[in-house]
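# Residue-level structural notes
Chain by chain, the residues run as shown.
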Amino acid sequence: MRSVSPAAARDNYLRAARFERPDFIPMTFAVNDACWHAYPQEWLCEQMERRPFLFPDFKAPRLPYTPDYSPLARKDAPFTDDFRCVWQTAEDGILGTVKHHPLADLAGLERYIFPDPRLCSGIGPMDWTEAARHMRERRGIGALCAAGLRHNHTFLQLCNIMGYENLLFAMSDADPRLDRLIAGVEDFNAGIVGRWLALDPDVFGYGEDLGMQTGPMLSPALFRRYILPSYRRLIEPAREKGVLIQMHSDGDIRLLADGLVEGGADILNLQDLVCGIDWIAARFGGKTCVELDIDRQNVTVFGSPAQIDTLIRREAETIGRPEGGLMMVFGMYPGMPLENAAAVMDAMERYAAA
C-alpha cells in the first residue's frame, strides 16, 4: 500500500467515519514500547521504515533505543498519579496496575482533593501551551487533529480511586457518597474536555475498558445509573462543536455497546474476537463506524501467517462497506512471533483497499 499525505489521510479518515465512501480502510499499527527491549530493534526499524502507509510519522531512532516510558509503565518505579493512586508495573512499557487506592473507604471523601485540570491530565503535568502548538502544527500540514481524555477517565478512574470491589459494593448499595465522588471526577474531566475542545480537534476520544474476557465489568443497570449519564454530559460539548466522538473499550462489551452508541459514539473501538466478528457486523455494520481492534490473544500470537491473513480479510469483508464505516487497529506486544507481526502488517496493507 502506498504512502498517503497527511491531508489525504485526514480526509479519508473523516469520510470513513461519516460513511462518505473513503478510498481505503484507515489502518493503525501501534508498537508497544516494551517491544523495543523484547525484539531486535533493527528488525522493528526496518519493518516500520518500509511501510509508510502504516507508519507515516516514523523516523528511525539512533540504536540502541530506549523509549521514554510512560510514568505508569516504568519497572521498579511506583508512580503516584494526580488522583493519588499509586501505580506499579513489572515490565518497562507495560501499563501497571494500581496498588494503592486513596479512597478505599468513602469516609475520607470530605478530605479528598481533586486535581486541577489547568495543571495536569490526571496522570501527570499538562502543558496546554505545548498542546496548542502541536495542534497548530498538525493543522498546518492538513493532518488529522485528534484529542481525548486519558484512558481510564471515569469508570476505571473510580476503580483506581476506590478499588474495583469497593466501587461495585458502593454502586450496589446505592451509597449516596458515590454520586459526590463521580461528580468530582466528572468536573475534572469536563475541564480537560473544554480545554481540548478550545483547540478545535477533528475527533475526540473517550476511552476506557468496560469489559472482561466474558461479559462487562459492571451490570448494564449500574452502567446506566452511574456511568452513562457522566459520559453523555462529557460528550455533549464535543457534539455541539461537531467533533467526531470516538469511544473505546477492551473486553466483552456486548451488553453495554448500545448504551455507548446511544451516549453519542460516532466511532466505536472494540475487540474483534472477544465480541465476535459476526455480532459486530450485525449490530453496527453500515450504521455506526467500527474501529476494529484486531485480535492480540489468539490467532496473531498462536496462529500461522496464513491464518492471520484469513482473519483480517474476513473482518474487512464482513464489517466493511463501500460507503465506509470501518477502521482497523492492531497493537503489537511482546510474545508474538516476528513472522506473525509481519503478517499482520502485510494483511493490513493488503486489505486496506478491500
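So, here's what we can say about the structure. Keep in mind that what you see is a predicted model, and the values were worked out from it rather than measured. (Residues numbered from 1 in each chain as written. Predicted model: local features only at pLDDT ≥ 70, side-chain atom pairs only at ≥ 80, totals over all residues. Heavy atoms only, no water.)

## A look at the packing of helix H5 (residues 155–162) against helix H7 (residues 176–197)
What counts is decided by this rule: Helix axes are fitted only over the stretch in contact, all axes being lines through C-alpha atoms; the angle between N-to-C directions runs from 0 to 180 degrees. Each helix corresponds to a stretch of at least 4 residues labelled H or I by DSSP, and each strand to a stretch of at least 2 residues labelled E; elements are numbered beginning at the N terminus. By definition, any crossing whose near helix is turned counterclockwise from its far helix by less than a right angle is left-handed, and any crossing with a clockwise turn is right-handed. Note on contacts: a residue pair qualifies if any of its non-hydrogen atoms lie within 4.5 Å across the two residues. Residues are grouped as follows: nonpolar covers Ala, Val, Leu, Ile, Met, Phe, Trp, Tyr, Cys and Pro; charged covers Asp, Glu, Lys and Arg; every other residue, Gly included, is treated as polar.
Here H5 crosses H7 at 120 degrees, and the two axes come no closer than 11 Å. H7 is crossed by H5, and the crossing has right-handed handedness. Contacts between H5 and H7 involve Gln157, Leu158, Ile161 and Met162 from the former and Leu178, Leu181, Ile182 and Val185 from the latter. For the contact of H5 with H7, the per-class residue count stands at seven nonpolar, one polar and no charged.

## Some remarks on the pairing of strand S7 (residues 244–248)
Applied cut-off: Residue burial is assigned from relative accessible area. The probe radius is 1.4 Å, only protein chains are included, and a residue is buried under 20% of its type maximum, exposed over 50%, and partly exposed in between. Note on pairing: two strands pair once DSSP finds at least 2 bridges between them. Orient the strands so they point away from the viewer, and a crossover whose first-strand-to-second-strand path over the helix runs clockwise is right-handed.
Of all five residues in S7, five are buried, a share of seventy percent or more. Residues of S7 alternate between two faces, with Leu244, Gln246 and His248 on one and Ile245 and Met247 on the opposite face, all of them buried. Pairing analysis gives five bridges linking strand S6 (residues 203–207) to S7, with the strands arranged parallel. Note that in S7 the partner of Tyr206 across the bridge is Met247. The handedness of the S6 to S7 crossover, carried by helix H8 (residues 220–240), is right-handed. Where S7 lies against strand S8 (residues 267–271), three bridges are found, and the strand directions are parallel. When the bridges of S8 are listed, His248 appears paired with Asn269. Between S7 and its parallel partner S8, the chain crosses via helix H9 (residues 257–262), and the hand of that crossover is right-handed.

## Things to note about the pattern of salt bridges
As a working rule, side chains carrying opposite charge can pair if their charged atoms are close by. Keep this limit in mind: Whenever a carboxyl oxygen of Asp or Glu lies within 4 Å of a side-chain nitrogen of Lys or Arg, that contact is scored as a salt bridge.
By the definition in use, this model includes 26 salt bridges. Residue Arg138 pairs with Asp57 through a salt bridge whose shortest N-O separation is 4.0 Å. With Arg138 in helix H4 (residues 128–140) and Asp57 in the loop between helix H3 (41–49) and strand S2 (79–80), this residue pair connects regions lying 81 residues apart in the sequence. A relative accessible area of 23% means that Arg138 is categorised as partly exposed. Using a relative accessible area of 56% as the deciding quantity, one classes Asp57 as exposed. Between Arg133 and Glu137 there is a salt bridge, with its nearest N and O atoms 3.0 Å apart.

## Some thoughts on the state of the cysteines
The test is simple: Any cysteine sulfur atom paired with another within 2.5 Å is treated as part of a disulfide.
Evaluated as defined, the whole model comprises zero disulfides. Looking at the unpaired Cys35, the closest cysteine sulfur is the one in Cys45, lying at 12 Å. Overall, the relative accessible area of 0% leaves Cys35 in the buried class. Its sulfur unpaired, Cys275 is 15 Å from the next cysteine sulfur, which belongs to Cys289. Assessed through its relative accessible area of 2%, Cys275 is described here as buried.

## Things to note about the nonpolar core
Soluble globular proteins tend to pack their nonpolar side chains together in the buried interior. For clarity, the threshold we go by: Put simply, buried Ala, Val, Leu, Ile, Met, Phe, Trp, Tyr and Cys residues joined by side-chain atoms within 4.5 Å make one nonpolar core.
Residues Phe29, Phe155, Tyr206 and Met332 are the most contacted members of the largest nonpolar core, which totals 106 residues. If sequence neighbours within four positions are ignored, Phe29 has contacts with Leu54, Phe55, Phe330, Met332, Ala341, Val344, Met345 and Met348. Counting residues in each nonpolar core, the second largest holds ten residues, with Tyr13, Leu14, Leu144 and Cys289 among its members.

## Focus on the sheet that holds strand S4 (residues 97–100)
The sheet built from three strands is open, its strands ordered S2-S3-S4 with antiparallel pairing. Of all strands in the sheet, those bounded by a partner on one side alone are S2 and S4. Both S2 and strand S3 (residues 86–88) contribute to a ladder of two bridges, which runs antiparallel. By the bridge assignment, Thr80 is partnered in S3 with Val86.

## Concerning the sheet that holds S8
In space, the seven strands of this open sheet follow the order S1-S10-S9-S8-S7-S6-S5, with parallel pairing throughout. Each of the sheet's edge strands pairs with one partner strand only, and the pair in question is strand S1 (27–31) and strand S5 (146–148). Strand-to-strand twist across the sheet, computed as the mean angle between neighbouring axes with direction ignored, equals 20 degrees. By the bridge criterion, five bridges tie S1 to strand S10 (residues 326–332) in an arrangement that is parallel. Within the sheet, the bridge partner assigned to Ala30 lies in S10 and is Gly331. Packing against the sheet, H7 makes contact with S5 and S6, and its axis sits at approximately 160 degrees to S6.

## Focus: the packing of aromatic side chains
What counts here: Aromatic pairs are defined between Phe, Tyr and Trp rings, using the six-membered ring for Trp, whenever the two ring centres lie within 6.5 Å; interplanar angles under 30 degrees are classed as stacked, those over 60 as edge-to-face, and all others as tilted. Each ring is checked for a lysine NZ or an arginine CZ that lies within 6 Å of its centre and within 35 degrees of its normal; such an atom marks a charge sitting over the ring.
As enumerated under the stated definition, the model contains ten aromatic pairs in all. On the numbers, 5.8 Å between centres and 80 degrees between planes, the contact of Trp279 with Phe284 is edge-to-face. Owing to a relative accessible area of 2%, Phe284 belongs among the buried residues under this scheme. The ring of Tyr226 has Arg225 lying over it, and the distance from NZ or CZ to the ring centre is 4.2 Å.

## What to know about the side chain of Ser249
For the record, the criterion: Here a polar contact is recorded for every N or O atom pair within 3.5 Å, except that within protein the pair must consist of a potential hydrogen donor and a potential acceptor, and residues adjacent in sequence are included only if both atoms are side-chain atoms.
Residue placement: Ser249 occurs in the loop between S7 and H9. Judged by its relative accessible area of 0%, Ser249 is buried. Within polar-contact distance, the side chain of Ser249 engages the backbone nitrogen of Leu210 at 2.7 Å. Non-local contacts of Ser249, meaning those with residues more than four positions away in its chain, are made with Glu208, Asp209, Leu210, Gly211, Asn269, Leu270 and Gln271.

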